[in-house]
Amino acid sequence: MRLARVIVVVVLAALASVYVVAGAPIALAVFGVQVLYLLKLRKWWLLAAQAVLVYTASVAGGVSTGILGFLAGSLLLTKARVLAPLVVVSAALIDAARGGATADATITVVLVSLVVFGLTRLVERAGEMHAARLSLAAAAVAAERLRLAAELNDGLGRSLEVIVEGGRRALAEPDGAAEVLASVTATARAALTDARAASANYRATSLAPELVTARAMLDAAGIAVEVRGGHTEPLGPGGALLASVLREAVTDVVRRGTARLCVIETSEQGDERGNTETSEQRDKRGSTVRLRVVDDGHRTAEAPDFDGLRLEEAGGTLTTGLSPTGRFVVEATLPRGTSTEAVPGETVTGDARAPEPPGDRRRRRPLPKLAHEASYAVSVTVLAAVLVGFSVKALLQLPGALVIPAAACLTVIVVMQLRSVNGRHMAALTVMAVLTYAPIPVFGPVWLGVAGFLAGPVLLAFPWRAAWPMVVAILASVAGAGMLFGLPVPVLANSTISALVTGLVVYALLRLAQIVKELQAARESLARSAIVEERLRAARDLHDLLGHSLAAILLTCELARRLKCPRERIEEIVAMAESARADLRSVSGEQRELSLAAEVESARTVLSAAGIRVTVEPVELNLPAEVETVLGTVLREAVTNVLRHSEARNCSITMRADETGLRLRVRNDGVSAGKTRRGSSGIGNLTTRLAALDGRLTSHVDGDRFTLDACVPHPAPVPAR
């Protein structure tokens, strides 16, 4: 935004300088008023003061009527815009009374007014887009939450209702409890599968969680790590495959334990057009995402186990091996999948689907946005009008026989200029350079002003340290050619300054259009990032909160079916299903705080029901709600892992508080030696949650015992009374 305003101020100053050089210092006051208008100080008295200044300069001071263009441009920015044509007519009448070139003066007033109006409106549009970026992100998150709620309530919500109703029916009809429990168990198993599939599906669009987990694992292992993210998200379904590759590669580095440095890089290939493109444009061009993991701990080319990932079936590649410098490289590439966030509400296609409401499969509306096409319309329209206006001014000064060839040359230049709106075109610059200088011997001094058409695109096409010397050379060529034609000094100075002003006007219109485009892309990127974050939050909650509840329900159902009198267990099933409903609301966007004490008791109950001996050493503390919620979530995930991934007979839950914070430790036996799991997202979820509190998560296996430690650096916890 600051750059946009600076550009406009420089252009307005250049326009005013033309009149100052012509002997009208009052133009400085006109320039000051115009800057106030740029800052949106638009009072009637300020407009009146500007009118007094420009008419005094024109009528009493004999200044060119072109200065009235400042007033006309200011009027176009207000509700009194209908008066702008009257200012143009008055300029024509004043010039006619002087006996001057009325047509030329009228065109000048129109051009100045269009430049003032167009540049100010583009700056305002850029400001509107910048100010609305957060509201767009909030709207996108709200829409995503509604979509998630609809999906989850229709699928998992219905399953939980079935479980609750089945449990109540089993309590009301004990004779048929066995049959009902069988149905409830099947429903709970299917719901747990759906929740895990939905969690994996929501995670699939982003590599961010795995990058966080990888850094944490390598840090815990004492291995220096560098993460260089160069891709844009969301990734689409391919994100899950790349996450699996990253997980296996980093796990192998940690398992070997010989590396001192690991570098993780992501990049996007086929993105030649810069970072202002939308996700849809990148997808259409078929860009690919590359993941590269390099470490210095391998002595041979033996690769990690990537069997079953099947990147080739997804159109990707996976290569491993030693580099010439002796470092081991794992490199995976995948074509960027169609972004699901391009149209929020559509589910990702793939093996794992989130539940989608069967009655709502129509295409949903895309992200709310202010299209930059309107800003381009303003930019291109004003630019075309300015170019045509300057061209007409030049043609009016040529003899009749030269008008047609000059018009042909100017038409080509105008077309080349308009092409510059969409980027740098060296061929167009070359054509403009030829048409700027080659016709000078034929058309004479009138053609010197065309050099300004060349200066603008040069400023846009090259870095400033290279562009400004080239612009100075262009202006010097104008001055040199004018001297060869024997132009008087005032005319020569006017021609040179006019060329500079024309170049600045052209540059400003082109550059502001690009700024608006970049802001639009940044707004959309922010909104898409917000959607990705919301999906990742939903994935974490599905896995950590609802997944735990459904796993506990399934376990209790299976236990109840083996009991002769399962009433107590059935009551637990109903209570847990009711609690899971609250978890589901939390997943779909409603904030829910967890009680650490309640989670400890829940863990004790669930583990005891599974026949596991539990020892608990809690420390009751007055902790902030966010700390309790995160540690409660860690405990849920730890208990779920004990039930799913071990044959534990003993489990201990301990909490220790000191001056550095609070440590939660869950330790269990029954772990199979050498057993590894592919695709687990629990550790990554917990690492992300703890990182938000500057906490750390570590885990290790010692024989058949597994230990999970969560540390939150909450200073000086206060014992609860």
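Reading the values: rules and limits
- Residues numbered from 1 in each chain as written.
- Predicted model: local features only at pLDDT ≥ 70, side-chain atom pairs only at ≥ 80, totals over all residues.
- Heavy atoms only, no water.
- Helix = DSSP H or I, 4+ residues; strand = E, 2+ residues; numbered from the N terminus.
- Buried < 20%, exposed > 50% of the residue type's maximum accessible area, 1.4 Å probe, protein only.
- Contact = heavy atoms within 4.5 Å.
- Axes fitted to C-alpha atoms, helices over the stretch in contact; angles between N-to-C directions.
- Parallel < 35°, antiparallel > 145°, perpendicular 65-115°, else oblique.
- Nonpolar A, V, L, I, M, F, W, Y, C, P; charged D, E, K, R; others polar.
- Core = buried A, V, L, I, M, F, W, Y, C linked by side-chain atoms within 4.5 Å.
- Patch = residues over 30% accessible without salt bridge, like charges linked within 9 Å, V, L, I, M, F, W, Y side chains within 5 Å.
- Areas by Shrake-Rupley, 256 points an atom, 1.4 Å probe, with all protein chains shown as cover.
- Salt bridge = Lys/Arg side-chain N within 4 Å of Asp/Glu carboxyl O.
- Phe/Tyr/Trp six-rings, centres within 6.5 Å; stacked < 30°, edge-to-face > 60°.
- Pairing = 2+ DSSP bridges.
- Expected span 1.5 Å × (residues − 1).
- Arc of directions from axis to C-beta.
- Left-handed = near helix turned anticlockwise from the far one by under 90°.
- pLDDT = per-residue confidence, 0-100.
- Polar contact = N/O pair within 3.5 Å; in protein donor to acceptor, adjacent residues only side chain to side chain.

## Some points on the overall build of the protein chain
So, point 1. A tally of helices and strands in the protein chain yields 22 helices and twelve strands.
So, point 2. Considering the protein chain as a whole, with its 721 residues, one finds that 51% of them fall into the buried category.
So, point 3. Sequence-distant contacts in the protein chain: of pairs separated by 6 or more residues, those separated by 24 or more amount to 75%.

## Notes on the packing of helix 20 (residues 596-609) against helix 21 (residues 625-645)
So, point 1. For the pair helix 20 and helix 21, the least separation of the axes is 9 Å and the interaxial angle reads 10 degrees. Considering the angle they form, helix 20 stands roughly parallel to helix 21. Judged by residue contacts, L596, A597, E599, V600, A603, V606 and L607 of helix 20 engage E628, L631, G632, L635, R636, V639, V642 and L643 from helix 21.
So, point 2. Tallied by class, the residues present in the contact of helix 20 with helix 21 amount to eleven nonpolar, one polar and three charged.

## Quick word on unusual backbone geometry
So, point 1. Residues other than glycine seldom take positive phi values, yet D694 does so here, at roughly 60 degrees.
So, point 2. When you line up the elements, D694 lands in the loop between helix 22 (682-691) and strand 10 (696-702).
So, point 3. Its relative accessible area of 65% is what places D694 among the exposed residues.

## Some remarks on the side chain of T654
So, point 1. The topology assignment puts T654 in strand 8 (residues 650-658).
So, point 2. Setting aside residues no more than four positions away along its own chain, T654 makes contact with E617, R663, L664 and R665.

## Comments concerning the nonpolar core
So, point 1. By size, the foremost hydrophobic cluster in this structure holds 91 residues, and its most contacted members are I67, F70, L119, W447, L509 and L512.
So, point 2. Other than its neighbours up to four places away in sequence, L512 contacts A4, V8, L119, L122 and V123.
So, point 3. Counting 66 residues, the second largest nonpolar core, distinct from the first, contains L559, A603, V627 and L708.

## Some thoughts on a nonpolar patch on the surface
So, point 1. A cluster of nonpolar side chains, contributed by L36, L39, L41, W44 and W45, occupies part of the molecular surface with about 560 Å² of accessible area.
So, point 2. In this fold, L41 is placed in the loop between helix 2 (26-38) and helix 3 (44-60).

## Things to note about the packing of aromatic side chains
So, point 1. Applying the stated criterion to the full structure yields four aromatic pairs.
So, point 2. Both rings, one in W464 and one in W468, keep their centres 6.2 Å apart while their planes meet at 80 degrees; by these two values the pair is edge-to-face. Of this pair, W464 and W468 both sit in helix 17 (residues 464-484), separated by four residues, roughly a single helical turn.
So, point 3. We classify W464 as partly exposed; its relative accessible area is 46%.
So, point 4. You can call W468 partly exposed: its relative accessible area is 31%.
So, point 5. Ring pairing ties together the aromatic residues W464, W468 and Y507, which thus form one cluster.

## Things to note about the pattern of salt bridges
So, point 1. Considering all chains together, one arrives at 16 salt bridges under this definition.
So, point 2. A salt bridge links E599 to R636, with the nearest nitrogen and oxygen atoms 2.8 Å apart. Note that E599 is positioned in helix 20 and R636 in helix 21, a separation of 37 residues in sequence.
So, point 3. Taking relative accessible area as the criterion, E599 reaches 9% and is therefore assigned buried.
So, point 4. The exposure class assigned to R636 is buried, which follows from its relative accessible area of 5%.

## A look at the sheet that holds strand 9 (residues 661-668)
So, point 1. On the basis of which strands lie adjacent, the open sheet formed by five strands has the order 6-8-9-11-10 and mixed pairing. Each having just a single partner strand, strand 6 (613-617) and strand 10 make up the two edges of the open sheet. Neighbouring strand axes in the sheet, compared pairwise and without regard to direction, differ in orientation by 10 degrees on average.
So, point 2. Of the strands in this sheet, strand 8, strand 9, strand 10 and strand 11 (705-712) touch helix 21, which is tilted by about 10 degrees from strand 9.

## Digging into the pairing of strand 4 (residues 317-322)
So, point 1. For strand 4 and strand 5 (residues 328-335), the ladder comprises six bridges, and the chain directions are antiparallel. Residue G321 lies in a different strand from strand 5, and its bridge partner there is V329.
So, point 2. Taking the residues between adjacent antiparallel strands as the criterion, strand 4 and strand 5 are bridged by five residues, where G326 takes a positive phi near 90 degrees.

## Regarding helix 14 (residues 426-437)
So, point 1. With twelve residues, helix 14 should cover 16 Å at 1.5 Å per step; its first-to-last C-alpha distance of 17 Å lies within 8% of that length.
So, point 2. For helix 14, the complete set of buried residues consists of A428, L429, M432, L435 and T436. For helix 14, the angular spread of buried residues about the axis comes to 135 degrees, placing them on one side.
So, point 3. On the buried face of helix 14, the contacting elements are helix 13 (400-419), helix 15 (440-443) and helix 16 (451-461).

## A word on the sheet that holds strand 5
Across a sheet, strands are paired by hydrogen bonds formed along the backbone, either parallel or antiparallel in direction.
So, point 1. The strand order across the open sheet formed by five strands is 1-2-3-5-4, and the pairing between neighbours is mixed. The open sheet has two edge strands, strand 1 (224-228) and strand 4, and neither has a second partner. Neighbour-to-neighbour, the strand axes of the sheet open up by a mean angle of 10 degrees, direction not taken into account.
So, point 2. On top of the sheet, helix 9 (residues 208-220) reaches strand 1 and strand 2 (261-269); it is set at about 165 degrees to strand 1, its chief contact.

## Some points on the pairing of strand 8
So, point 1. With five bridges connecting them, strand 6 and strand 8 associate as parallel partners. Bridging across to strand 8, R613 finds its partner in N650.
So, point 2. In the sheet, strand 8 pairs with strand 9 via eight bridges, with the strands oriented antiparallel. By the bridge assignment for strand 9, M655 is matched with L664.
So, point 3. As consecutive antiparallel partners, strand 8 and strand 9 are separated by two residues.

## Let's talk about the packing of helix 3 against helix 5 (residues 84-98)
So, point 1. Two numbers describe how helix 3 lies on helix 5: the axes approach to 11 Å, and their chain directions differ by 15 degrees. In terms of orientation, helix 3 lies roughly parallel with respect to helix 5. As helix 3 runs across helix 5, the sense of the crossing is right-handed. On the side of helix 3, the interface is formed by Y55, S58 and V59, while helix 5 contributes V87, S90, I94 and R98.
So, point 2. For the contact of helix 3 with helix 5, the per-class residue count stands at four nonpolar, two polar and one charged.

## Quick look at the confidence of the model for the protein chain
So, point 1. Chain-level statistics for the protein chain give a pLDDT mean of 77 and a share of 79% at 70 or above.
So, point 2. Taken element by element, the predicted model of the protein chain shows its lowest mean pLDDT in helix 11 (residues 279-284) (46) and its highest in strand 3 (residues 288-295) (90).
So, point 3. Taken together, the stretch residues 271-285 has pLDDT below 50 and engages in 24 contacts with residues farther than four places along the chain or on a different chain.
So, point 4. Note on residues 338-372: pLDDT under 50 across the span, and 88 contacts to partners over four residues away in sequence or across chains.

## Structural notes on helix 13
So, point 1. Here helix 13 is 20 residues long and its end C-alpha atoms lie 29 Å apart, about the 28 Å a rise of 1.5 Å per residue gives.
So, point 2. Here helix 13 has its buried residues at A406, C409, L410, I413, V414, M416 and Q417.

## Remarks on the environment of R567
So, point 1. Residue position: R567 is located in helix 19 (residues 567-587).
So, point 2. Take R567: its relative accessible area is 43%, and that puts it in the partly exposed class.
So, point 3. Sequence separation of R567 and L171 is 396 residues, and the distance between their C-alpha atoms is 6.6 Å.
So, point 4. Side-chain polar atoms of R567 contact the backbone oxygen of L171, separated by 3.3 Å.

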